[in-house]
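Given next are the chains, with one letter for each unit.
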Amino acid sequence: MPYRACAVSILAALAPALMPPAASAQYPEHPIRVVLPYAPGAAGDIALRQIQPLLEKRFGQPVVVDYKTGAGGNIGMQDVARAKPDGYTLVLGAANNFVINQFLYRKLGFDPLTDLEPVGKLADVPAFVYVSAQAPGTDWRQFQQYARAHAGKLNYGSPGMGTTPHLSAYRLSKAMGADMTHIAYRGAAPGVQALLANEVQLYIGGYSVAAAYVPQGKVRALAVASPERFAALPDVPTAKEAGMPDAVQGNWWGFAAPKGTPADRVARIAAVLHEVLGLPEVRQAFLAGGFVPGLDTPASFGAVWRDEARQWETVVRESGVVLD
């Protein structure tokens, strides 16, 4: 074979190996695994299922949900923190998994701020301040007066120790001088049932956990911790409009990848997520479930982590809550 022809043949054979990874293969080439660190039916699971087919259509690959529960979500989070950083493993966690648990648990086993790569927020879950229909007062100021007059005698519920609703209610009780007693339940459903029975007088949670009881007069929604009113309950004022102390913070769900995942793959996932969450039909479906689509970037989502981690570290230390 002539030298020139031989050289061309060798270069052609070597070309795939000489190409950068992004150029040699179209990402993704196989299914993407999304670890959800909670049991099926969690708010993040519901939101993800609504967009899963749209993500799969754009990726051209299945998006497989892998439930890894336990330890307040820490087991699933740790699984992803230790996974191969190739863009094929993600975690869908809640706010506490990214910005609260590292201050709650004695031995977390990983640092979400350094061991995970922010991808994007799936949804915000604005927090509603619900009170028992048996508690006097039709607005926040009246309930606050009642709680202060009965300091140390009222209860607030939560779906678990160290959760966003727990710590928000703790801050709210402290801010209004009510000294309410915390009662932790195993999830939102029993907590709301306790509110209906007046076992607790206050419960903080998303739209979907108790909004159905508002029109029936079984619970009252005094405010929503959001910059603007929630369209599905337009008569409920924002916390600022109600004159409520700046103590309540909503939950959110977001995606992250193992640290070291190639930037172009993180950007690809974030772009597809942003496109899907911007669709009118997705926004409408999310509204019905009490979600507000997250439309941010990996950089802005990472900034949320750092900012909220500082806030929650202070709150956790003040509360004295420590978990094993």
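Please read all numbers here as calculations on a predicted model, not as lab measurements.

**Some points on the confidence of the model for the chain**
Per-residue pLDDT for the chain averages 91, and the proportion of residues at 70 or more is 92%. When the elements of the chain are averaged for pLDDT, helix H2 (residues 21-24) gives the smallest value, 41, and strand E1 (residues 32-36) the largest, 98. Residue range residues 1-24 is modelled with pLDDT below 50. Its contacts to residues more than four positions away, or to other chains, number four contacts.

**Concerning the sheet that holds strand E9 (residues 219-225)**
Two pairing modes exist for strands in a sheet, parallel and antiparallel, and in both the strands are linked by backbone hydrogen bonds. If you trace the five strands from one edge of the open sheet to the other, you get E7-E6-E8-E5-E9, paired in mixed fashion. Every other strand in the sheet has two partners, leaving strand E7 (181-184) and E9 as the edge strands with one partner each. Each strand axis lies, on average, 25° off the axis of its neighbour in the sheet, ignoring direction. Where strand E5 (residues 127-132) lies against E9, six bridges are found, and the strand directions are antiparallel. From the neighbouring strand, Ser132 faces E9, where its bridge partner is Val219. Packed onto the sheet, helix H10 (residues 188-196) meets E5, strand E8 (202-205) and E9 and runs at close to 145° relative to E8.

**What to know about the nonpolar core**
Formed by 51 residues in total, the largest nonpolar core has its most connected members in Phe98, Val99, Leu116, Phe143, Leu172 and Leu202. In terms of residues, this core owes the most to one element, helix H15 (residues 298-319), which gives six residues. Counting contributing residues, this core receives three or more from each of domain 1 (32-124 + 251-319) and domain 2 (127-242). Ignoring sequence-local partners within four residues, the contact set of Leu116 consists of Met77, Val80, Ala81, Phe98, Phe110, Asp111, Ala256, Ala257, Pro258, Lys259 and Trp305. Of all hydrophobic cores here, the second largest spans 35 residues; its members include Val63, Val125, Val272 and Leu279.

**Regarding the packing of helix H9 (residues 164-175) against H15**
Between H9 and H15, the shortest axis-to-axis distance is 11 Å and the interhelical angle comes to 70°. With respect to each other, H9 and H15 are oriented roughly perpendicular. Counting all contacts with H9, which are made through Thr164, Leu167, Ser168, Tyr170, Arg171 and Lys174, the residues of H15 involved are Trp312, Val315, Val316, Glu318 and Ser319. When its residues are assigned to classes, the contact of H9 with H15 shows five nonpolar, three polar and three charged.

Rules and cut-offs
- Residues numbered from 1 in each chain as written.
- Predicted model: local features only at pLDDT ≥ 70, side-chain atom pairs only at ≥ 80, totals over all residues.
- Heavy atoms only, no water.
- pLDDT = per-residue confidence, 0-100.
- Helix = DSSP H or I, 4+ residues; strand = E, 2+ residues; numbered from the N terminus.
- Contact = heavy atoms within 4.5 Å.
- Pairing = 2+ DSSP bridges.
- Axes fitted to C-alpha atoms, helices over the stretch in contact; angles between N-to-C directions.
- Core = buried A, V, L, I, M, F, W, Y, C linked by side-chain atoms within 4.5 Å.
- Buried < 20%, exposed > 50% of the residue type's maximum accessible area, 1.4 Å probe, protein only.
- Domains from an automatic or database assignment.
- Parallel < 35°, antiparallel > 145°, perpendicular 65-115°, else oblique.
- Nonpolar A, V, L, I, M, F, W, Y, C, P; charged D, E, K, R; others polar.

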